[in-house]
Amino acid sequence: MLKRFSVCIFMLIGLVALAFAADESQNVCKGDPTKWQQLFNGKDLTGWRHVGPGGDTVEDGLIRTHGGMGLLVWTGGKIGNCEIHVVFKMRDENDNSGVFIRIPVEPREEWMPVHYGYEVQIDNHPERSSPSEDETHETGMLYSLTKPLVKQAWKPGPEWNTMDITLDGTHTVVMLNGQKVTDFKEGDPVPDKKFDFEPQRGPRPMFGWFGLQNHSDNDIVFFKEVAIKPLKK
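These numbers come from a predicted model, not from an experiment.

## Comments concerning the layout of surface pockets
When its volume is computed, the largest pocket comes out at roughly 290 Å³. Forming the boundary of the largest pocket are 15 residues, of which Asn96, Glu133, Tyr143, Phe197 and His215 lie nearest the centre. A breakdown of the residues in the lining of the largest pocket according to their chemical character gives seven nonpolar, six polar and two charged. Approximately 160 Å³ is the volume attributed to the second largest pocket. If you trace the second largest pocket, you find it lined by Glu24, Asn27, Cys29, Lys30, Gly31, Pro33, Asn81, Pro230, Leu231, Lys232 and Lys233.

## A closer look at the sheet that holds strand E2 (residues 48–51)
The strands that make up a sheet pair up through hydrogen bonds in the backbone, lying either parallel or antiparallel. Pairing is antiparallel across the open sheet formed by five strands, whose spatial order is E2-E5-E12-E7-E8. A single partner strand is all that each edge strand has here, and the edge strands are E2 and strand E8 (118–122). Across the sheet, the mean angle from the axis of one strand to that of its neighbour is 25°, orientation sign disregarded.

## What about the side chain of Thr65?
Assignment of secondary structure puts Thr65 in strand E4 (residues 62–66). For Thr65, a relative accessible area of 0% puts it in the buried group. Side-chain polar atoms of Thr65 contact the backbone oxygen of Asp219, separated by 3.5 Å. Of the polar contacts made by the side chain of Thr65, one reaches the backbone nitrogen of Val221; its length is 3.1 Å. Filtering out sequence-adjacent residues up to four positions away, Thr65 remains in contact with Gly55, Asp56, Gln213, Asn214, Asp219, Ile220, Val221 and Phe223.

## Examining the environment of His85
Within the element layout of this structure, His85 appears in strand E6 (residues 82–90). Overall, His85 belongs to the buried group, its relative accessible area being 14%. Not counting residues within four places of it along the chain, the set of residues in contact with His85 comprises Trp36, Thr162, Met163, Asp164, Glu225, Val226 and Ala227. In this structure the side chain of His85 is engaged in a polar contact, spanning 2.7 Å, whose partner is the side chain of Asp164.

## Details of the pairing of E8
Two faces make up the sheet, and in a regular strand the side chains alternate between them. Of all five residues in E8, five are buried; the element is thus mostly enclosed. The two faces of E8 match: Tyr118, Val120 and Ile122 on one face and Glu119 and Gln121 on the other face are all buried. Looking at chain direction, strand E7 (residues 97–103) and E8 are connected through five bridges and run antiparallel. Counted as the bridge partner of Val99 is Val120 from E8.

What counts, and at which threshold
- Residues numbered from 1 in each chain as written.
- Predicted model: local features only at pLDDT ≥ 70, side-chain atom pairs only at ≥ 80, totals over all residues.
- Heavy atoms only, no water.
- 1 Å grid on protein atoms, 1.4 Å probe; cavity = no way out; pocket = protein on both sides within 12 Å on 5 of 7 lines; lining within 4 Å.
- Points joined across faces, edges and corners; volume = space filled by probe spheres on them.
- Nonpolar A, V, L, I, M, F, W, Y, C, P; charged D, E, K, R; others polar.
- Pairing = 2+ DSSP bridges.
- Helix = DSSP H or I, 4+ residues; strand = E, 2+ residues; numbered from the N terminus.
- Axes fitted to C-alpha atoms, helices over the stretch in contact; angles between N-to-C directions.
- Buried < 20%, exposed > 50% of the residue type's maximum accessible area, 1.4 Å probe, protein only.
- Polar contact = N/O pair within 3.5 Å; in protein donor to acceptor, adjacent residues only side chain to side chain.
- Contact = heavy atoms within 4.5 Å.

Written out as structure tokens, the structure reads:
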């Protein structure tokens, strides 16, 4: 059993290494850089696939998270050199979710994206978590890796928030409600890992899969818009 597990781990590492090769042909984010491609039709989850515990439904034209921890993956392919536009709100005063980006291989379970992709966090009050988490875990951060450039750009409670994520080569920028909260380049210094559930440190690919996290039945988040467009050349 241990031998089989070790072989699986080495195979995964090999697949991840191959995925880091920067090949523009992998990028499915193409077309008119002035027009958004809507990935959620407001009716059902066509073009999406769920992995891991929990799930998602469409209610009143919104994606609603259930249970977890799992991930709703967009099945269109890898994206890069693009912008991702997400409009979301929390059900309660504070809830937990995230937008996963730069996932090296198509997810089949929930933990590979955590450790080998980046999570753009949705959680206004990480200090209330158990164990308590710091500002590197709040809304708009690359989870546990970056510190906010602007304090509390997030809107409280069940108000609508707009998150725009730019993937430009190895550069990741997050705008939250019109304010730049994260500006990260591969190789920038990051904090040491504090908890087992935090991601592995190290580079992520230029082109990767992305998805929306469902965290738990106590953390319900609604998504109204999910769209992408290529960067202007």
